[in-house]
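Each chain is listed here by its residues.
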Amino acid sequence: MRQVYALAASGLVLGIGATTVAASWVDSTMGDASFRTGTFGIESNVGGGWSSHASSAPGIFTYTPSALLIRPGAFSYGPISLRTVPVSPAASVTLQAATVAGDSTLASALRYRVVKSTTCDASAFSTGTPQFVVGSATVFPSLSTGSAVGAIALPAGGASPGAAVALCFEISLPGTSANWSNSALIGKTATPTWQFSATP
């Protein structure tokens, strides 16, 4: 009996020893990472330098000839360029319908079109194959019309801003007899404001 107990005790000791040795081979190492959101944004240039124009201080188009002298049958042209800010991914931009302050009769009568072009005059809408953002060669939408979703693609920005995309806005008051004979249009002012909405 003593011999049996001695063997059992010995086995117990060996079991504990084996467990202790196995535990000494367990190890761990830890890793971590820091995450930061990237930059996303667009900015515009209407002739006075690049800026992220807010709704409270929109960029003001410079029209040629002056849109303040528009009459039935006349056209005015205003350029604007868009680009992504540095380190921004590419942007898909939609031109929203204009919100208009001023005379509602004049606002309803005005028409506009937009093309992608570094030239901003009548030739931008008729030479070659214009890339229309709003309207077409024969369609002159109202100010309440926006572009198709994502109609303007802006390349990603790297260390510097992304490559600029130039646009040309054409504003017109159709030379129809209805407009010529409408005294409610004389001496009136309307101020449309357009918003460019961008998504990555």
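Residues numbered from 1 in each chain as written. Predicted model: local features only at pLDDT ≥ 70, side-chain atom pairs only at ≥ 80, totals over all residues. Heavy atoms only, no water.

## Looking at the pattern of salt bridges
- Under the definition given, this model contains three salt bridges.
- Here Arg-83 makes a salt bridge to Glu-43, at a shortest N to O gap of 2.6 Å. Here Arg-83 is found in strand β2 (residues 74-84), whereas its partner Glu-43 is found in strand β1 (residues 42-45), with 40 residues between them in sequence. We note that Arg-83, like Glu-43, is buried. (Salt bridge = Lys/Arg side-chain N within 4 Å of Asp/Glu carboxyl O. Helix = DSSP H or I, 4+ residues; strand = E, 2+ residues; numbered from the N terminus. Buried < 20%, exposed > 50% of the residue type's maximum accessible area, 1.4 Å probe, protein only.)

## Looking at the packing of aromatic side chains
- For the coordinates displayed, the defined rule picks out nine aromatic pairs.
- Here Phe-61 and Trp-194 contribute two aromatic rings whose centre-to-centre distance is 6.0 Å and whose plane-to-plane angle is 80°, an arrangement assigned as edge-to-face. Residue Phe-61 is found in the loop between β1 and β2, and its partner Trp-194 is found in the loop between β9 (190-193) and β10 (196-199); the two are separated by 133 residues along the sequence. Comparing Phe-61 with Trp-194, the two get one shared label, buried.
- Here the aromatic rings of Tyr-112 and Trp-194 are separated by 5.2 Å at their centres, their planes lie at 40°, and the arrangement is tilted. You can see Tyr-112 sitting in strand β5 (residues 111-116) and its partner Trp-194 sitting in the loop between β9 and β10, a full 82 residues away along the chain.
- The class of Trp-194 is buried, set by a relative accessible area of 11%.
- Following the ring pairs from residue to residue traces out a cluster consisting of Phe-61, Tyr-63, Tyr-112, Phe-169, Trp-194 and Phe-196. (Phe/Tyr/Trp six-rings, centres within 6.5 Å; stacked < 30°, edge-to-face > 60°.)

## Thoughts on the sheet that holds β2
- Reading across the sheet, the five strands line up as β1-β2-β8-β5-β6 and stay open at both edges, with antiparallel pairing between neighbours. Whereas interior strands pair on both sides, the edge strands pair on one side only; in this sheet they are β1 and β6 (131-134). Across the sheet, the axes of successive neighbouring strands diverge by a mean angle of 30°, strand direction being ignored.
- Bridge count between β5 and β6: three bridges; the pairing is antiparallel. When the sheet's bridge partners are listed, Lys-116 is paired in β6 with Gln-131. (Pairing = 2+ DSSP bridges. Axes fitted to C-alpha atoms, helices over the stretch in contact; angles between N-to-C directions.)

## Overview of the pairing of strand β3 (residues 91-95)
- β3 sits mainly inside the fold: four of its five residues count as buried.
- Bridging between β3 and strand β7 (residues 152-154) involves three bridges; their strand directions are antiparallel. Bridging across to β7, Ser-92 finds its partner in Ala-153.
- Examined bridge by bridge, β3 and β10 share four bridges and lie antiparallel to one another. The partner of Thr-94 across the bridge, within β10, is Ser-197.

## Description of the confidence of the model for the chain
- Here the chain shows a mean pLDDT of 85. Residues at 70 or above account for 81%.
- Averaged over each element, pLDDT in the chain is lowest for helix α1 (residues 2-23) (46) and highest for β6 (98).
- Here residues 1-22 scores under 50 on pLDDT; set against residues more than four positions off or in separate chains, the count is zero contacts. (pLDDT = per-residue confidence, 0-100. Contact = heavy atoms within 4.5 Å.)

## Some thoughts on the state of the cysteines
- Taken as a whole and assessed by the stated rule, the structure comprises one disulfide.
- Each sulfur in the disulfide pair Cys-120 and Cys-168 lies 2.1 Å from the other. The sign of the 80° torsion about the S-S bond sets the Cys-120-Cys-168 disulfide as right-handed. Residue Cys-120 is found in the loop between β5 and β6, and its partner Cys-168 is found in strand β8 (residues 165-173); the two are separated by 48 residues along the sequence. (Disulfide = S-S within 2.5 Å.)

## Considering the environment of Gly-157
- Structurally, the position occupied by Gly-157 is in the loop between β7 and β8.
- Sequence separation between Gly-157 and Ser-88 is 69 residues, and the spatial gap between their C-alpha atoms is 5.0 Å.
- The residues contacting Gly-157, other than those within four sequence positions of it, are Thr-84, Val-85, Pro-86, Val-87, Ser-88 and Gly-162.

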